[in-house]
Amino acid sequence: MFDQKVIGMLLEGIRDTLYMTLASTLLGYAIGLPLGIVLNVTKAGGLAPNKIIYRVLDIFCNIIRSIPFLILLILLIPFTRALVGQSYGSTATIVPLVVCAAPYIARMVESALNEVDAGVIEAARAMGASNMQIIFKVLLVEAKTSLVTGATITTGVLLGYSAMSGTVGGGGLGDIAVRYGYYRWQTDIMIVTVILLIVIFQIIQNLGTKVAIGIDHRKK
Amino acid sequence: MSEIEIKNLTKKFEAGGHTVVALDDVNLNIEKGEIYGIIGMSGAGKSTLVRSINYLEVPNEGRVLIDGTDLSKLSDKELRIKRRDIGMIFQGFNLLEQKNVIDNVCFPLEISGMKKKKAREKARELLETVNLSEKEKSYPSQLSGGQKQRVAIARALATNPSILLCDEATSALDPQTTASILSLLKEINEKLNITIVVITHQMSVITDICTRVAIIENGKLVEEGTVEEVFDSPKTDIARELISNKKESYSPIESLKAEKVIRIVFSENSAFEPVISNVILKFNAPVNILGADTRDVGGKAKGEMLLGLPDDEQLQHDIIRYLKERKLTVTEVRDNV
């Protein structure tokens, strides 16, 4: 049953899953982190309040986050095809994953930055810090523990979504589970892929928690 | 020219559809090198006032001049540079929790663009000044309140400011720690000739270290003068209230209401004569001591006493004259009801 071919396929599945999860997390942060910072800065009472910018981004994030991932995956097929040339496979799946993740990450970042003590920000202003300095040297530094916790949660969610994309030919472990477990009734292979997903999830979560605790200097 | 000039300062806040006037036409001059106290009950507007001095709070009307420079005329960038000349410490310390002590002190220098090595040297010097050299590598969460405020003071001094603003800096500390922080502030004031503005609701903070004091009530500056003047003969109810450290004005218990109550203040040189005993012997009249206290006002020992006088008006008049002749400061607290 578990011959060379199946093992090779599972290894490939692990590789593709990690590729999709990590790449979409990274690209998601490339968009979501600045978006979250802008949300925090422009909110009422933020460093540079701006009602219009905040409202537009706020609504934009809510709209995308309210679309179920599977629907987003299908809706974005033309866009994905235009961007990477095809609408199936691991690389193509990264597109909807990033679109889905970016507003989610933005909210995570926004709320992490909201937790930074207003007094510390005021102290920095009193020292003559510019808004940019406050963002990069105060907000992001003081919020680093919540940011890492948020990143861990995001990676976990994207791991799950990447598996979900298997239903439309996304590649990775989810794809294997759907093809073998659902279409061919090979329950054993499906169970193995599920176990592999559980193990990967645990590793990500534990690693994230360890890092978050390790860099936190607030309670020691 | 005073170092800090506050002219016709008015600040309003919009809250829930109606306007709250936090500062109402405040005028104030603070001279170079003095420790100036601003006292008031909570909500009086004193925090808004001190935060106007470095323009964290931009006033609606009026001007703030630092060394003759009108802050409203500065660009954002110029204002940020000016703020390096005005250090500030807070009730909640406001240290960066994720940075250790030395990095906290280096922070304002880092912002001003100083090289890391040079900043560290300067920070170590300052930690020595505030007596915290051995805590260099600790994080704020590992420090006590007093130690945190010392770090905050070192941080506020990093850019060699000529003014230090203290916003309720000792309100979160116990009396002993408060005393040590206040003596540190006094030491810094003498050593560096830095002008210190102290915001507080505790009269003891004012009498301990300040040279002059302003009293704020409902956004208005109601009384101003040297600490000795205000302590010896407070002119307003609020000043008396703050000095007596009670929530209400002098209002002796019901049964004593018919009496005339006066407050006398002894200075060091007048404390030798047993005045009260002499009054009783001389006038052959009972004097009721309602309260007494001693305090250190700007380094001078001061005693204060609340006396209930007999009903006879002529007698009251004579006693007050007698006390005044003995060089005591006498203020009438309450007339016959």
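Time to look at the overall build of chain B. A count of helical and extended segments in chain B gives 11 helices and 14 strands. Considering only C-alpha atoms, chain B reaches an extent of 75 × 50 × 40 Å along its principal axes. For chain B, the proportion of its 337 residues judged to be buried stands at 53%. Carbon and sulfur atoms make up 47% of the accessible area of chain B, which amounts to about 15300 Å² in all.

This part covers unusual backbone geometry. Residues and elements named next belong to chain B. We note that Tyr55 has phi near 60°; this positive angle belongs to a residue other than glycine. Secondary-structure assignment places Tyr55 in the loop between α1 (46–53) and β4 (61–66). Overall, the relative accessible area of 6% leaves Tyr55 in the buried class. Despite not being glycine, Asn94 shows a phi value in the positive range, around 55°. Checked against the element boundaries, Asn94 lands in the loop between β6 (86–90) and α3 (101–111).

Our focus in this paragraph is the sheet that holds strand β2 (residues 18–30) of chain B. All names here are of chain B. Across the sheet, 4 strands lie side by side as β2-β1-β4-β5; this open sheet has antiparallel pairing. Sheet topology places β2 and β5 (69–70) at the edges, where each strand pairs with a single neighbour. As judged from the 2 bridges shared by β4 and β5, these two strands associate in the antiparallel manner. Along β5, the bridge assignment pairs Ile66 with Thr69. Running at roughly 125° to strand β1 (residues 4–15), α1 makes contact with β1, β2 and β4 of the sheet.

Let us now look at the interface of chain A and chain B. Taken together, the 25 residues of chain A in the interface contact 23 residues of chain B. Together chain A and chain B conceal approximately 2200 Å² of surface at their shared face, both sides included; 55% is due to carbon and sulfur atoms. Three residues stand out in chain A for area buried against chain B, namely A:Glu122, A:Met127 and A:His217, and they jointly supply 29% of the buried area on that side. Where chain A packs against chain B, one counts 2 salt bridges. One salt bridge connects B:Arg51 with A:Glu122, and the closest N-O pair in it is separated by 2.1 Å. In this assembly, chain A and chain B are joined by 13 residue pairs in polar contact (both at pLDDT 80 or more). When residues of the side of chain A that touches chain B are traced back to their parent elements, those giving at least two are α6 (118–126), α7 (131–142) and α8 (144–164) of chain A. At 7 residues, α6(A) tops the list of elements feeding residues into the side of chain A that touches chain B.

Many analyses report the size of an interface as the accessible area lost when the parts associate. Residues and elements named next belong to chain B. By the assigned domains, chain B splits into domain 1 (4–233) and domain 2 (250–334). Taking only C-alpha atoms into account, the centre of domain 1 sits 38 Å from that of domain 2. Contact residues are listed per partner, giving 8 residues for domain 1 and 11 residues for domain 2. For the domain 1 and domain 2 pair, buried surface summed over both sides reaches about 900 Å², with 52% attributable to carbon and sulfur atoms. When the buried area of domain 1 at its contact with domain 2 is split by residue, Glu228, Phe231 and Asp232 rank highest and sum to 63% of it.

On to the packing of aromatic side chains, then. Residue and element names in this part refer to chain A. In this structure the tally under the stated criterion is 3 aromatic pairs over all chains. Where Phe69 meets Tyr161, the ring centres are 4.7 Å apart and the plane angle is 5°; that geometry is what we call stacked. Of the two residues, Phe69 sits in helix α3 (residues 69–75) while Tyr161 sits in helix α8, which places them 92 residues apart along the sequence. Given the relative accessible area of 5%, Phe69 is considered buried. Pairing Tyr182 with Tyr183 gives two aromatic rings, centres 5.2 Å apart and planes at 70°, and the pair type is edge-to-face.

A word on the pairing of strand β10 (residues 220–226) of chain B. Residue and element names in this part refer to chain B. Of the strand pairs in this sheet, strand β9 (residues 212–217) and β10 are connected by 6 bridges, and their pairing is antiparallel. If you follow Ile215 over to β10, its bridge partner there is Glu223. Between the antiparallel neighbours β9 and β10 lie 2 residues, among them Asn218 with a positive phi of about 45°.

Right, let's talk about the pattern of salt bridges for a bit. Applying the stated criterion across every chain, the model contains 28 salt bridges over all chains. The closest approach of N and O atoms between B:Lys46 and B:Glu168, which form a salt bridge, is 3.6 Å. In this pair, B:Lys46 is assigned in helix α1 and B:Glu168 in the loop between β7 (163–167) and α6 (175–192), connecting sequence segments 122 residues apart. By relative accessible area, which is 5% here, B:Lys46 ends up buried. Note on B:Glu168: relative accessible area 9%, which makes it buried. Each of A:Arg55, A:Asp58, A:Arg107 and A:Glu110 takes part in salt bridges that share partners, so that together they form one network.

Now for the environment of B:Arg83. One can find B:Arg83 in helix α2 (residues 76–83). For B:Arg83, a relative accessible area of 7% gives the class buried. Between the alpha carbons of B:Arg83 and B:Thr159 there is a distance of 9.6 Å; along the sequence they are 76 residues apart. If sequence neighbours within four positions are ignored, B:Arg83 has contacts with A:Arg125, A:Ala126, A:Met127, A:Gly128, B:Asn54, B:Tyr55 and B:Leu56.

All names here are of chain A. With respect to the helices and strands, the residue Gly166 is situated in the loop between α8 and α9 (172–183). Note: C-alpha distance between Gly166 and Tyr88 (78 residues apart in sequence) is 9.4 Å. With sequence-adjacent residues up to four places away left out, Gly166 is seen in contact with Gly174, Asp175 and Val178.

Residues and elements named next belong to chain B. Taken together, 6 strands build an open sheet; the order of strands is β6-β7-β8-β3-β9-β10 and the sheet is mixed. The strands lining the two open edges of the sheet, one partner per strand, are β6 and β10. Here the average twist between neighbouring strands, direction ignored, is 15°. Examined bridge by bridge, β6 and β7 share 5 bridges and lie parallel to one another.

Rules behind the numbers
Residues numbered from 1 in each chain as written. Chains lettered and ligands numbered in written order. Predicted model: local features only at pLDDT ≥ 70, side-chain atom pairs only at ≥ 80, totals over all residues. Heavy atoms only, no water. Helix = DSSP H or I, 4+ residues; strand = E, 2+ residues; numbered from the N terminus. Buried < 20%, exposed > 50% of the residue type's maximum accessible area, 1.4 Å probe, protein only. Areas by Shrake-Rupley, 256 points an atom, 1.4 Å probe, with all protein chains shown as cover. Pairing = 2+ DSSP bridges. Contact = heavy atoms within 4.5 Å. Axes fitted to C-alpha atoms, helices over the stretch in contact; angles between N-to-C directions. Buried area = accessible area lost by both parts, 1.4 Å probe. Salt bridge = Lys/Arg side-chain N within 4 Å of Asp/Glu carboxyl O. Polar contact = N/O pair within 3.5 Å; in protein donor to acceptor, adjacent residues only side chain to side chain. Domains from an automatic or database assignment. Phe/Tyr/Trp six-rings, centres within 6.5 Å; stacked < 30°, edge-to-face > 60°.

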